[in-house]
Amino acid sequence: MASMQKRLQKELLALQSDPPPGMTLNERSVQNTITEWLIDMEGAPGTLYEGEKFQLLFKFSSRYPFDSPQVMFTGENIPVHPHVYSNGHICLSILTEDWSPALSVQSVCLSIISMLSSCKEKRRPPDNSFYVKTCNKNPKKTKWWYHETFLLK
């Protein structure tokens, strides 16, 4: 537990002093606990999401950084994207099987910015309705299958 808290303190300071472009830590979210962070995000200039505001929720287990954080969009505005379900779950391999303890909150944020910025068409995943009705509340419990630009479960 101590190593997890030490690592989170270090990442928290890094995020506060040098946040990825368009990302801001919601300071109120870390006042009472270090294991849940809200990060306010703005769509990158020149992309389909320019000017849109989103919020990411990071939840850290006691096994962090050896176990990936639970990361999902939350709040009223969930981006419409082929890899983002309407309940906020994100299909991104580094959040599950491609996680490495060398990754950080900042690198996850950059990957999500990149994923949104490279989007050519705003649309939900083809199985959005079924997935949202049947999935676990924790996106890490989904067994994602990654296949080039398609996603399957």
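Above: the structure in question.
Computed from a predicted structure; not experimentally measured. (Residues numbered from 1 in each chain as written. Predicted model: local features only at pLDDT ≥ 70, side-chain atom pairs only at ≥ 80, totals over all residues. Heavy atoms only, no water.)

Is there a simple way to explain the pairing of strand 2 (residues 36–42) in this structure?
Each regular strand displays side chains that alternate between the two surfaces of the sheet. On strand 2, burial follows the alternation: W37, I39 and M41 on one face are buried, whereas E36, L38, D40 and E42 on the facing-out side are not. Inspection of the sheet shows strand 1 (residues 23–25) paired to strand 2 by 3 bridges, in the antiparallel sense. Paired with T24 across the bridge in strand 2 is D40. Bridge count for strand 2 against strand 3 (residues 53–59) is 7 bridges, and the pairing is antiparallel. Residue pairing in the sheet places I39 in a bridge with L56 of strand 3. (Buried < 20%, exposed > 50% of the residue type's maximum accessible area, 1.4 Å probe, protein only. Helix = DSSP H or I, 4+ residues; strand = E, 2+ residues; numbered from the N terminus. Pairing = 2+ DSSP bridges.)

What am I meant to see in the sheet that holds strand 2 here?
Through backbone hydrogen bonds, the strands of a sheet pair up, either in parallel or in antiparallel fashion. Strand order in the open sheet formed by 4 strands is 1-2-3-4, with antiparallel pairing between adjacent strands. Edge positions in the sheet fall to strand 1 and strand 4 (70–74), since each of these pairs with one other strand and no more. Neighbouring strand axes in the sheet, compared pairwise and without regard to direction, differ in orientation by 25° on average. Set on the sheet, helix 1 (residues 2–17) makes contact with strand 1 and strand 2; between it and strand 2 the angle comes to about 20°. Relative to the sheet, helix 2 (residues 105–117) contacts strand 1, strand 2, strand 3 and strand 4, its axis offset from that of strand 2 by approximately 35°. (Axes fitted to C-alpha atoms, helices over the stretch in contact; angles between N-to-C directions. Contact = heavy atoms within 4.5 Å.)

Which parts of the structure should I look at to understand helix 1?
Each α-helix turn comprises 3.6 residues. Residues three or four places apart therefore point the same way. With 16 residues, helix 1 ought to run about 22 Å at 1.5 Å a step, and its terminal C-alpha atoms sit 23 Å apart, in line with that. Within helix 1, burial applies to M4, R7, L8, E11, L12 and L15. What you see down the axis of helix 1 is that its buried residues fit within an arc of 140°, all on one side. Residues of helix 1 that are exposed and angled more than 90 degrees away from the buried face: A2, S3, K6, K10, L13 and S17. Lining the buried residues of helix 1 we find strand 1, strand 2 and helix 2. (Expected span 1.5 Å × (residues − 1). Arc of directions from axis to C-beta.)

Looking at this structure, how should I read the pattern of salt bridges?
A side chain with one charge can pair with a side chain of the opposite charge if their charged atoms come near. Going through the model one piece at a time under the given rule, you end up with 4 salt bridges. Between E11 and R7 there is a salt bridge, with the nearest N and O atoms lying 2.5 Å from each other. With a gap of 4 residues between them, E11 and R7 both fall in helix 1, about one helical turn apart. For the pair formed by E11 and R7, the shared burial category is buried. Of the charged contacts in the structure, one is a salt bridge between K122 and E52, with a shortest N-O distance of 2.3 Å. Remark: E52 occurs in the loop between strand 2 and strand 3 and K122 occurs in the loop between helix 2 and helix 3 (128–134); sequence separation between them is 70 residues. (Salt bridge = Lys/Arg side-chain N within 4 Å of Asp/Glu carboxyl O.)

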